[in-house]
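Chains, contacts and geometry: an overview
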Amino acid sequence: MKIKTGKNLKAFFAVADACEGHVWLESPWGDRINLKSELSQYVAAYKLIKEKGDLLQLYCQLAVDEARFYEFFKEHPEVLN
């Protein structure tokens, strides 16, 4: 899933925090940003999502976590491209 820049980031990160498995964003260059890390959220992800969000892909280790994000995206469709 591609993320649109800067929309509902606090709510988006709250979903990531609630996930049971690993959740990350990946750039086209192979960089991975761990969304379970608060440091990554505040330092890297905010900046990257705002500047290059349309290039980042969201990945979840567990299907149950993917379902959490699908529910979030249903409630906030503006987040997706």
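1. Some thoughts on the overall build of the protein chain
Along the protein chain, the regular secondary structure elements total three helices and three strands. Here the protein chain holds 81 residues, and the buried ones make up 36% of them. Pairs at least 24 residues apart make up 69% of the contacts formed inside the protein chain by residues separated by at least 6 positions. When the accessible surface of the protein chain is split by element, carbon and sulfur atoms take 52% of a total near 4,800 Å².

2. Details of the pattern of salt bridges
One pass over the structure, following the stated rule, counts four salt bridges. Between Lys 74 and Glu 71 there is a salt bridge, with the nearest N and O atoms lying 3.4 Å from each other. With Lys 74 and Glu 71 both in helix 3 (residues 63-75) and three residues apart, the pair spans about one turn of that helix. Residue Lys 74 is classed as exposed on the basis of its relative accessible area, which comes to 63%. Overall, the relative accessible area of 42% leaves Glu 71 in the partly exposed class. Via salt bridges that share partners, Glu 20, Asp 65 and Arg 68 belong to a single interconnected network.

3. Side note on the confidence of the model for the protein chain
Here the protein chain shows a mean pLDDT of 85. Residues at 70 or above account for 89%. When mean pLDDT is compared element by element in the protein chain, helix 3 scores highest at 94, while helix 2 (residues 38-52) scores lowest at 76.

4. Points about the sheet that holds strand 3 (residues 57-60)
Neighbouring strands of a sheet are bound in pairs by backbone hydrogen bonds; such pairs are parallel or else antiparallel. Taken in spatial order, the three strands line up as 2-1-3 in an open sheet, and their pairing is antiparallel. Edge positions in the sheet fall to strand 2 (32-34) and strand 3, since each has one partner strand and no second. In this sheet, adjacent strand axes meet at a mean angle of 30° when their direction is disregarded. Lying over the sheet, helix 3 contacts strand 1 (23-26) and strand 3, oriented at roughly 135° with respect to strand 3.

5. Some points on the packing of aromatic side chains
In the structure shown here, the tally under the stated rule is six aromatic pairs. Through pairs of rings, three or more aromatic residues link up here, namely Phe 12, Phe 13, Phe 69, Phe 72 and Phe 73.

6. Here's the deal with the nonpolar core
With 21 residues, the main nonpolar core has Phe 12, Leu 35, Ile 49, Leu 58 and Phe 69 as its most contacted residues. Of all the secondary-structure elements, those providing two or more residues to this core are helix 1 (9-18), strand 1, helix 2, strand 3 and helix 3.

7. So, the side chain of Gln 41
Position of Gln 41 among the secondary structure elements: in helix 2. A polar contact of 3.0 Å, which involves the side chain of Gln 41, links it to the side chain of Asp 17. Excluding residues within four positions of it along the chain, Gln 41 makes contact with Phe 13, Asp 17, Leu 35 and Tyr 46.

Thresholds applied
Residues numbered from 1 in each chain as written. Predicted model: local features only at pLDDT ≥ 70, side-chain atom pairs only at ≥ 80, totals over all residues. Heavy atoms only, no water. Helix = DSSP H or I, 4+ residues; strand = E, 2+ residues; numbered from the N terminus. Buried < 20%, exposed > 50% of the residue type's maximum accessible area, 1.4 Å probe, protein only. Contact = heavy atoms within 4.5 Å. Areas by Shrake-Rupley, 256 points an atom, 1.4 Å probe, with all protein chains shown as cover. Salt bridge = Lys/Arg side-chain N within 4 Å of Asp/Glu carboxyl O. pLDDT = per-residue confidence, 0-100. Pairing = 2+ DSSP bridges. Axes fitted to C-alpha atoms, helices over the stretch in contact; angles between N-to-C directions. Phe/Tyr/Trp six-rings, centres within 6.5 Å; stacked < 30°, edge-to-face > 60°. Core = buried A, V, L, I, M, F, W, Y, C linked by side-chain atoms within 4.5 Å. Polar contact = N/O pair within 3.5 Å; in protein donor to acceptor, adjacent residues only side chain to side chain.

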